[in-house]
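Given next are the chains, with one letter for each unit.
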Amino acid sequence: AAFAPGLVVNSLNETNVSWRIGAEWTPRERTLLYANVSKGYKAGGFPSLGATAASQYLPATQESVVAYEAGFKTTTTDRKLHLDGALFYYDYQDKQILGRVLDPLFGPLLQMINVPKSRVTGAELQASWFPVEGLSVTAGGSYVDSEVLDGFVNYNPDGVLANLGGEAFPNTPKWQFVADVNYRWPINESLSGFVGGGVTHQDKTNSQLGELPSLNVKAYSLVDLRAGVESQTGTWRLSAWSRNVGDAYYWTAANRNLDTTVRFTGRPATYGVSLSYRFQ
């Protein structure tokens, strides 16, 4: 506290009991309904940073969550379509989130902090379709609505004390989608050909509490393609592929540290050839 050099000695002794209750029901063949309620914990820990005051080494205590989930799994009688879906609600206590601590010399520094109350409401759906022999189509999507509750107050990346209640969790986009199509056909008795592609989409988000515009992460979509040949036995495979074929410019996260803002860009259009062999 007096800014004299010294050794900080501290300990964190915590205990908890996790539990889970679930129920399943099969109303008809190839259909499963389920519901679960569980409580889990994430261990607390001490920050690793170059502090100028002992108070900056206070630990983040363990977080807990009560998770409610209900969903279904079903397959059509001809086994050509499979569907999975779920609804979930997570009630967090003392959730660990990367926040800020105000350093007397360097200003706002990153530190793992506890948010007293927060929650997540969401849904997810995944489908796998096999309309004809050799063709597979898979698609999935998720919706996640996260929120910091009870008017939680902390420093934003500019070092300004702010009410962060109502904000979403950092790096938590509301919508995410993924889809993939693959077609495989026999060329001769020993070889098969394949061609396919995939699309991924991520909604916009923000990388730190405080939601400064400079830390926004824009929504982006990526397209990947592939084609090749493989042995009928699956022993070897040769493929040519391309990722982010539209050469979309995007970034995956952003960071503000002292007076420097950095965005982490995603990979540009990338092309390659892969050869794999499975030893038996």
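Structure's up top.
Everything numeric in this text was worked out from a predicted model, so none of it was measured.

Caption draft 1: The arrangement of the overall build of the protein chain in detail. Scanning the protein chain from terminus to terminus reveals 0 helices and 17 strands. For the protein chain, the C-alpha radius of gyration of 24 Å lies well beyond 19 Å, the compact-globule estimate for 280 residues. Expressed along its principal axes, the backbone C-alpha trace of the protein chain runs to roughly 80 × 50 × 40 Å. Counting every position in the protein chain, which comprises 280 residues, the buried fraction comes to 32%.

Caption draft 2: Quick peek at the nonpolar core. Among the nonpolar cores identified, the biggest contains 13 residues, and Val120, Val148, Phe152, Phe169 and Leu209 are the most heavily contacted of them. For this core, the elements supplying multiple residues, two or more each, are β4 (81-103), β5 (107-129) and β6 (135-148). When near neighbours in sequence (up to four residues on either side) are disregarded, Val120 contacts Phe88, Tyr89, Tyr90, Tyr92, Val144, Asp145, Ser146 and Phe169.

Caption draft 3: Spatial organisation of the packing of aromatic side chains. A full pass over the atoms with the stated rule returns 10 aromatic pairs. Look at Tyr90 and Tyr92: their rings are 6.4 Å apart centre to centre, the planes differ by 85 degrees, and that puts the pair in the edge-to-face class. Taking the relative accessible area as the measure of exposure, Tyr90 reaches 25% and is therefore partly exposed. Three or more aromatic residues joined by ring pairs make a cluster, and in this case those are Phe88, Tyr90, Tyr92 and Phe169.

Caption draft 4: A nonpolar patch on the surface, seen in detail. Residues Tyr183, Trp185, Ile187 and Val195 make up a contiguous nonpolar surface patch of roughly 340 Å² in combined accessible area. Along the chain, the position of Ile187 falls in the loop between β9 (175-186) and β10 (191-202). The exposure class of Ile187 is partly exposed, given its relative accessible area of 44%.

Conventions adopted
- Residues numbered from 1 in each chain as written.
- Predicted model: local features only at pLDDT ≥ 70, side-chain atom pairs only at ≥ 80, totals over all residues.
- Heavy atoms only, no water.
- Helix = DSSP H or I, 4+ residues; strand = E, 2+ residues; numbered from the N terminus.
- Rg over C-alpha atoms; globule rule 2.2 N^0.38 Å.
- Buried < 20%, exposed > 50% of the residue type's maximum accessible area, 1.4 Å probe, protein only.
- Core = buried A, V, L, I, M, F, W, Y, C linked by side-chain atoms within 4.5 Å.
- Contact = heavy atoms within 4.5 Å.
- Phe/Tyr/Trp six-rings, centres within 6.5 Å; stacked < 30°, edge-to-face > 60°.
- Patch = residues over 30% accessible without salt bridge, like charges linked within 9 Å, V, L, I, M, F, W, Y side chains within 5 Å.
- Areas by Shrake-Rupley, 256 points an atom, 1.4 Å probe, with all protein chains shown as cover.
- Salt bridge = Lys/Arg side-chain N within 4 Å of Asp/Glu carboxyl O.

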